[in-house]
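Structural overview for review
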Amino acid sequence: FLVAADGLGSIAIDTTQLNMSVTDPTAWATAMNNLGMVPVGLAGQQLVTDSICVPGFDPSLSMMTGITPINSMIPGMGLVPPPPPTDVPVVKEIIHCKSCTLFPPNPNLPPPSTRERPPGCKTVFVGGLPENATEEIIQEVFEQCGDITAIRKSKKNFCHIRFAEEFMVDKAIYLSGYRMRLGSSTDKKDSGRLHVDFAQARDDFYEWECKQRMLAREERHRRKMEEDRLRPPSPPAIMHYSEHEAALLAEKLKDDSKFSEAITVLLTWIERGEVNRRSANQFYSMVQSANSHVRRLMNEKAAHEQEMEQAKESFKNALTGILTQFEQIVAVFNASTRQKAWDHFSKAQRKNIDIWRKHSEELRNAHSEQLMGIRREEEMEMSDDDSCDNPSKKLRVDDSALAVQAYALKEENDSLRWQLDAYRNEVELLKQEKGQLFRTEESLTKDQQLQFLQQTMQGMQQQLLSIQEELNNKKSELEQAKEEQTHTQAMLKVLQEQLKSAKELAEINGHDESQANEINVLTVALVNQDREKNSEKRSPGLKSEKEALLIGIISTFLHVHPFGANIEYLWSYMQQLDSRISANEIEMLLMRLPRMFKQEFTGVGATLEKRWKFCAFEGIKTI
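We now turn to the structure provided with this report. All of these numbers come straight from a predicted model, not from anything done at the bench.

1. Section: the packing of aromatic side chains
- Tallied over the entire structure, the rule returns nine aromatic pairs.
- Here the aromatic rings of Phe125 and Phe158 are separated by 5.6 Å at their centres, their planes lie at 40°, and the arrangement is tilted. Taken as a pair, Phe125 in strand S3 (residues 123-127) and Phe158 in strand S5 (residues 158-163) lie far apart in primary sequence, 33 residues in all.
- A residue is classified by how much of its surface remains accessible, and Phe158, at 27% relative accessible area, is partly exposed.
- Here Phe614 and Phe617 contribute two aromatic rings whose centre-to-centre distance is 5.6 Å and whose plane-to-plane angle is 80°, an arrangement assigned as edge-to-face.
- Taking the relative accessible area as the measure of exposure, Phe614 reaches 21% and is therefore partly exposed.

As structure tokens, this is what we get:
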């Protein structure tokens, strides 16, 4: 019939009791397949195969066997298939029953709203029932969702239905939004739109609390079992005193392997107060047996001390061999740092050799100090043994000469030991001085490098300041050039206007062409005079030898052309000498030297032509 939107199937329901005759079984199966679930109880066919059912499954087995109960509400954990993907729309179709027909809602409308699900909810609220709907019709519609335990119908158009299990509520929620029509009647009292929602019932909440308490008890029991399993075992119980147990304990005290366990029992008996006149002899014999183990323990201690001395000796010999090898390695590094071999290594190789040498020297010094400490401890032990006076030997030595000789030998030994300590101190001082010399050399090299870097930084700062000054000069020159250019353009515009007005006056007054030429010559002279002033302000100089050669060639060419030459004629001549030169470059060079070359305009109107003349002989007189 119908399934929950969360994908809960009908496997958990007894399929032998959920059979229903349907007029259109194809539509019903299509609706169930759209939800991704197996439909329940179609007459004439078996919906759930025996292979996926668990025959005779008893839920109470989980309590007795310790198996974790399967929550059928969790998808993928129970016997139901996983829910369909949420992005696939659920298509609801018409559902036919014996006494009524359920029409699905418009799929374009939003899903009906529901309240928050109460914990352990098994009861649903059904509103929007037809007025003529009876309790039998309601049970016929909703019993396909699961076993119904109670139906509470109101006089109005709603009721409350309580199911046996929680997952059956989700199947009932699926019917929310359907329009219910009784039979084929069109009367308003025989139709209504169902609204199914979660209901909060005290019985459901009580059962849920009972279930939670049961789960909490199981969890506490599981934790207790786990703690008991991880708890360390208790010590074994000590038996009570008896003559028989005392005889057995005396035998155990004589056995070396059982001595530890037996001595614990003996100590407990004595602390309990089991010693009395009757048992005193037995306890004395047991204490005597315990005392016999003292010699054994001392022998074991001496054997362990001997092993320790042998281990110390072997360690000292091994450390001496390691120190000898370190000395050889340091000697190799010192030989490599000499001038004969050092010059043939690259800079990176020298750096690595220096690092390795320092590391080897540190390790050698550490091992040497460790070996000297071991020898110092041995000598201190020997001196302690010598200083200890044995009273038994003093009693034996009666002759004063022997005592005097022993005292002299002792003083000699002390003096030799003091000399050895003095030599050791001198060696340590020499090592420290050598290390300080190495450090001073390193610090000197570092100071020299630091001074060199500081000088380099100062030189770079000076270069940066000079570059900044040049940049500021260039900026000021660029601003002056821009001002001169604007001034020249303004003068040119004024002269052009004066020229136009002069031409118009000449045409009106009927002046001839010679007067116009005089006006042009006057205009060009004014322009040249303005350029000379600007050039004097800028005072350019020759930048390269090439410009000097160009100036000489151009001066010779214009000198043989007294009436001047235009820039195209001059450029065509220079192209024969140097094909890379351009007309713009020649013109810029001529404009930079207004005292050597001047520009004149000849002609009127369309015949106006700009020519350059050589005027160095005239300009030298004005300097």
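2. Overview of the packing of helix H15 (residues 545-559) against helix H17 (residues 583-592)
- At a minimum axis separation of 11 Å, H15 and H17 run at an interaxial angle of 85°. The angle between H15 and H17 places the two elements in the roughly perpendicular class. Contacts from Lys546, Glu547, Leu550, Ile551 and Ile554 in H15 reach Glu585, Ile586, Leu589, Leu590 and Arg592 in H17.
- A breakdown of the residues in the contact of H15 with H17 according to their chemical character gives six nonpolar, no polar and four charged.

3. What about the nonpolar core?
- Val126, Phe142, Ile161, Phe163 and Met180 are the most contacted members of the largest nonpolar core, which has 30 residues in total.
- Every element with two or more residues in this core is listed here: strand S2 (100-103), S3, helix H3 (135-142), S5, helix H4 (167-173), strand S6 (179-182) and strand S8 (195-198).
- The next biggest cluster of nonpolar side chains, apart from the first, holds 16 residues, and it includes Ile554, Leu558, Met574 and Ile586.

4. Some words on the pattern of salt bridges
- The tally for this structure, following the rule as stated, stands at 25 salt bridges.
- Between Lys316 and Glu313 there is a salt bridge; the shortest N-O distance is 3.7 Å. With Lys316 and Glu313 both in helix H9 (residues 293-336) and three residues apart, this pair spans about one turn of that helix.
- Owing to a relative accessible area of 14%, Lys316 belongs among the buried residues under this scheme.
- With relative accessibility at 37%, the residue Glu313 sits in the partly exposed group.
- The shortest N-O distance in the salt bridge between Lys358 and Asp354 comes to 4.0 Å.

Here is what the cut-offs are and how they apply
- Residues numbered from 1 in each chain as written.
- Predicted model: local features only at pLDDT ≥ 70, side-chain atom pairs only at ≥ 80, totals over all residues.
- Heavy atoms only, no water.
- Phe/Tyr/Trp six-rings, centres within 6.5 Å; stacked < 30°, edge-to-face > 60°.
- Helix = DSSP H or I, 4+ residues; strand = E, 2+ residues; numbered from the N terminus.
- Buried < 20%, exposed > 50% of the residue type's maximum accessible area, 1.4 Å probe, protein only.
- Axes fitted to C-alpha atoms, helices over the stretch in contact; angles between N-to-C directions.
- Parallel < 35°, antiparallel > 145°, perpendicular 65-115°, else oblique.
- Contact = heavy atoms within 4.5 Å.
- Nonpolar A, V, L, I, M, F, W, Y, C, P; charged D, E, K, R; others polar.
- Core = buried A, V, L, I, M, F, W, Y, C linked by side-chain atoms within 4.5 Å.
- Salt bridge = Lys/Arg side-chain N within 4 Å of Asp/Glu carboxyl O.

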